Amino acid sequence: MAIISASILAADLAHLKDEVERVKDHIDEIHLDVMDGHFVPNLTFGYPMIEGLRKFTNMPIDAHLMVTNPDFHIKLFIEKGATRVTIHQETCYHLHRSVEFIKSLGAEAFVAINPATPLSTLEEILPYVDGILIMTVNPGFSGQKFIPSMWRKIKKLSEIRKDNDYKLKIAVDGGVGNENALELVKSGVDILVMGYGVFRNPNLPELRKLLSKNE
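Please read all numbers here as calculations on a predicted model, not as lab measurements.

Analysis parameters
- Residues numbered from 1 in each chain as written.
- Predicted model: local features only at pLDDT ≥ 70, side-chain atom pairs only at ≥ 80, totals over all residues.
- Heavy atoms only, no water.
- Helix = DSSP H or I, 4+ residues; strand = E, 2+ residues; numbered from the N terminus.
- Rg over C-alpha atoms; globule rule 2.2 N^0.38 Å.
- Buried < 20%, exposed > 50% of the residue type's maximum accessible area, 1.4 Å probe, protein only.
- Contact = heavy atoms within 4.5 Å.
- Areas by Shrake-Rupley, 256 points an atom, 1.4 Å probe, with all protein chains shown as cover.
- Lys, Arg positive; Asp, Glu negative; His and termini not counted.
- Charge placed at Lys NZ, Arg CZ, Asp CG, Glu CD.
- UniProt positions renumbered as here; feature names shortened; annotations may be inferred.
- Polar contact = N/O pair within 3.5 Å; in protein donor to acceptor, adjacent residues only side chain to side chain.
- Arc of directions from axis to C-beta.
- Pairing = 2+ DSSP bridges.
- Right-handed = clockwise from strand over helix to strand, strands pointing away.
- Phe/Tyr/Trp six-rings, centres within 6.5 Å; stacked < 30°, edge-to-face > 60°.
- Lys NZ or Arg CZ within 6 Å of the ring centre and 35° of its normal.

*Asks:* Help me understand the overall build of the protein chain, please; the structure alone is not making it clear to me.
*Replies:* A tally of regular secondary structure across the protein chain gives 8 helices and 8 strands. Computed over C-alpha atoms, the radius of gyration of the protein chain comes to 16 Å, within 12% of the 17 Å expected from 2.2 N^0.38 for 215 residues, which places it in the range of a compact globule. For the protein chain, buried positions account for 53% of its 215 residues. If you take every contact in the protein chain between residues at least 6 apart in sequence, the share linking residues at least 24 apart comes to 63%. For the protein chain, the accessible surface area stands at approximately 10100 Å², while carbon and sulfur atoms represent 51% of it. If you average the places of the 24 positive and of the 28 negative side-chain charges in the protein chain, the two averages end up 2 Å apart.

What follows is the structure, given as structure tokens:
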């Protein structure tokens, strides 16, 4: 069954506990968009946010490090409660080392790639990761539209996984909603990162029913 990962960037942060409570029966985990205003044109959450979340939820939390120095932050985010850390291929000089470091601390290690980054850049790291996150929008802001050419990238990664018997999960982030969620899962996606698609979705209860058609 596909996992729905709720990006709190789209939530009403003034009432975050209530927001998570409101959607908890329709999601599987929380996605924390950590942005530094340098790698991406926005500045968002740090360690206090994950500490705050851990005061009222035991859900898995994915710390998505959209920062220029991810290695500096990995250990503390895991100590504060992240169960998965997602780092970007574009910002890691020693990607294998970073992936192995995350796993050594007991968290899942995912690697993300931006829309313009080809899958070929991941060839050597695929046997080692727990998952790949394909950005289906340019990272930095919620509410963007899904980039159509990313369908090809998703299907290609799914083929590579199958051909090589990799156990990695495929996640997508950006422009995901009721209108394309089922087709994404059919294309091989395991984890749907959704911001507006969760917190600003008037038909959120219908999403689970929709995804159940693929079970």
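We are not done yet, so read on.
*Asks:* What's the story with the UniProt feature "active site" (unreviewed entry) in the protein chain in this structure? I'm lost.
*Replies:* Look at the UniProt record and you will see "active site" (unreviewed entry) annotated at Asp33 and Asp173. These residues run over 141 residues, yet every pair of their C-alpha atoms falls within 10.6 Å of each other. With respect to the helices, strands and loops of the structure, Asp33 is situated in strand β2 (residues 29-35). In contact with Asp33, other than residues within four places in its own chain, are Ser7, Leu9, Thr44, Phe45, His64, Met66 and Asp173. In this structure the side chain of Asp33 is engaged in a polar contact, spanning 2.5 Å, whose partner is the side chain of Ser7. Tracing the backbone through its elements, the reader meets Asp173 in strand β7 (residues 169-173). At 3.5 Å, the side chain of Asp173 and the side chain of His31 are in polar contact.

*Asks:* Even after reading the chapter, I still don't get helix α4 (residues 95-104), so can you show me in this structure?
*Replies:* An α-helical turn contains 3.6 residues, so any two residues separated by three or four positions project in the same direction. Those residues of α4 not exposed but buried are Leu95, Ser98, Val99 and Ile102. Here the buried residues of α4 occupy an arc of 100° about the axis, which is enough to place them on one side. Projecting away from the buried face of α4 at angles above 90 degrees are the exposed residues Arg97 and Ser104.

*Asks:* Looking at this structure, how should I read the pairing of strand β1 (residues 3-7)?
*Replies:* Where a strand is regular, its side chains alternate between the two sheet faces. Judged by how many residues are buried, β1 sits mostly within the fold: 4 of 5 residues are covered. Two elements, β1 and strand β8 (residues 191-194), share 4 bridges in a ladder whose sense is parallel. Each bridged residue has a counterpart across the sheet, and for Ile4 the counterpart in β8 is Leu192. Here β1 runs beside β2; their pairing, made up of 3 bridges, is parallel. What sits directly across from Ser5, in β2, is Glu29. Each parallel crossover has a hand, and the one from β1 via helix α1 (residues 16-23) to β2 is right-handed.

*Asks:* Looking at this structure, how should I read the packing of aromatic side chains?
*Replies:* Aromatic ring pairs: the centre-centre distance and the angle between the two ring planes describe each pair. By the definition in use, this model includes 2 aromatic pairs. An angle of 45° between the planes, with centres 5.2 Å apart, marks the rings of Phe146 and Trp151 as tilted. Taking the ring centre of Tyr196 as reference, the NZ or CZ of Arg200 above it sits at 4.4 Å.

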